[in-house]
2 protein chains.
Amino acid sequence: MNIGDASERSGLPAKTIRYYEDIGLLKPGRAENGYRDYSMSDVHRLKFLQRSRSLGFSVEECRQLLSLYGDTHRESADVKALAEVKLGEIDRKIAELESLRETLRHLVHNCHGDARPECPILDELAGSPEAACGGAARANDEVSPSKH
Amino acid sequence: MNIGDASERSGLPAKTIRYYEDIGLLKPGRAENGYRDYSMSDVHRLKFLQRSRSLGFSVEECRQLLSLYGDTHRESADVKALAEVKLGEIDRKIAELESLRETLRHLVHNCHGDARPECPILDELAGSPEAACGGAARANDEVSPSKH
DNA sequence: CCTTGACCTTCCAGTTACTGGAAGCCCTAG
DNA sequence: CTAGGGCTTCCAGTAACTGGAAGGTCAAGG
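First things first, this report covers the structure right here in the doc. (Residues numbered from 1 in each chain as written. Chains lettered and ligands numbered in written order. Predicted model: local features only at pLDDT ≥ 70, side-chain atom pairs only at ≥ 80, totals over all residues.)

Counting residues in each nonpolar core, the largest one holds 24 residues, and the members touching the most others are Leu 97 of chain A together with Leu 97 of chain B. Elements with a contribution of two residues or more to this core: α4 (59-70) and α5 (76-109) of chain A together with α4 (59-70) and α5 (76-109) of chain B. When sequence neighbours within four positions are dropped, the list of residues in contact with Leu 97 of chain A reads Leu 55, Ile 90, Lys 93 and Ile 94 of chain B. (Core = buried A, V, L, I, M, F, W, Y, C linked by C-beta atoms within 7 Å. Buried ≥ 20, exposed ≤ 12 C-beta atoms within 10 Å, placed from the backbone. Helix = DSSP H or I, 4+ residues; strand = E, 2+ residues; numbered from the N terminus. Contact = placed C-beta atoms within 7 Å.)

Around DNA strand C sit 19 residues in total, of which Asn 33 and Val 59 of chain A together with Gly 4, Tyr 35 and Arg 36 of chain B are the nearest. Counting residues per element, the ones that place at least two in the surface near DNA strand C are α2 (14-22) and α4 of chain A together with α1 (3-10) and α2 (14-22) of chain B. Counting residues per element, the surface near DNA strand C draws most heavily on α2 of chain A, which supplies three residues. Grouping the amino acids of the surface near DNA strand C by side-chain chemistry returns six nonpolar, eight polar and five charged. (Near = placed C-beta within 6 Å. Nonpolar A, V, L, I, M, F, W, Y, C, P; charged D, E, K, R; others polar.)

If you check the shell around DNA strand D, you find 18 residues, and the closest are Gly 4, Tyr 35 and Arg 36 of chain A together with Asn 33 and Val 59 of chain B. Those elements that provide at least two residues to the surface near DNA strand D are α1 (3-10) and α2 of chain A together with α2 and α4 of chain B. Residues belonging to the surface near DNA strand D are distributed by class as follows: six nonpolar, seven polar and five charged.

So, about helix α3 (residues 40-54) of chain A. End to end, α3 of chain A covers 21 Å across 15 residues, agreeing with the expected 21 Å (1.5 Å per residue, within 8%). Restricting attention to buried positions, one finds in α3 of chain A the residues Asp 42, Val 43, Arg 45, Leu 46, Phe 48, Leu 49, Gln 50, Arg 51 and Ser 52 of chain A. (Expected span 1.5 Å × (residues − 1).)

Residues and elements named next belong to chain A. Two elements in contact, α1 and α3, have axes whose closest approach is 9 Å; the angle formed by their N-to-C orientations is 45 degrees. It follows that α1 is oblique to α3 by the angle criterion. Where α1 crosses over α3, the two elements pack in a sense that is right-handed. Every residue of α3 that contacts α1 at Ala 6, Arg 9 and Ser 10 is listed here: Asp 42, Val 43, Leu 46, Lys 47 and Gln 50. (Axes fitted to C-alpha atoms, helices over the stretch in contact; angles between N-to-C directions. Parallel < 35°, antiparallel > 145°, perpendicular 65-115°, else oblique. Left-handed = near helix turned anticlockwise from the far one by under 90°.)

See the structure below:
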């Protein structure tokens, strides 16, 4: 299939797909007329890229992730190690998204309208997940180390 | 506190913090020596930015999200509407992360080492969450609309 | 008092990851 | 056979940083 279809199926603009080819993330075939020719496997790679990029992974991280199921010369132990590092990052991202969701939910349900600048729920939730409830390093409201 | 502390507390490099000020995402005070002076509220904003950016929200989206609890002139209904749109996006992102996690987990546990290019689990999981299991629009392995 | 080193300041240039637009070829439909 | 849409390359512009130079500030040590 050519780039328009690949674009539609992957959710990536054609421009971006060509760019990914430029930087070596995939190498589609070429038809006789010079048009790029994408296989389903190419589309899978593209879809994978679309997702990972939209979730905050850098292109280089995506390249690593793609190498997980693209490189047959890789040792199984390496694959496992890299995959597990990434699994940890994914779990962290999920936790942060859930915390962000809570922030917004509280905003909608508890802090409706006026007295927002002081809202203590947001003050806490905007912080780190652990620090909000029972953190030992909870500072007083206006900390000033080396302030004069 | 000055920028080094704000950087440490927010997890953002000082360079980035100055950049965010340039584009109007926060406006810290200034000490008499000309140094920027960050309040806890500034740090909260920064931490919020750090998170949202790392989760794939654009700077403009972050600006909107920040306006949710920064702008006292905003109507409560507007806040709710925008927050709910963003809640939807967050849920989608969480679902995609979970799908990505499954992809990697399968990679580690089921497809160890050699026969990766053909791995059907990955072929499916690299696709969209619905399309993988029981999708009506599941195409055959090598689709070629307008191929000759 | 003076220097050393770790901060901070601004400014300008470079990088990453796209994104838009021009100029031109290919291909189907009227 | 020409109009249209889709494809090609190339080059320039944008978004979001990132690095580095040149210089001011400040607490500590000799």
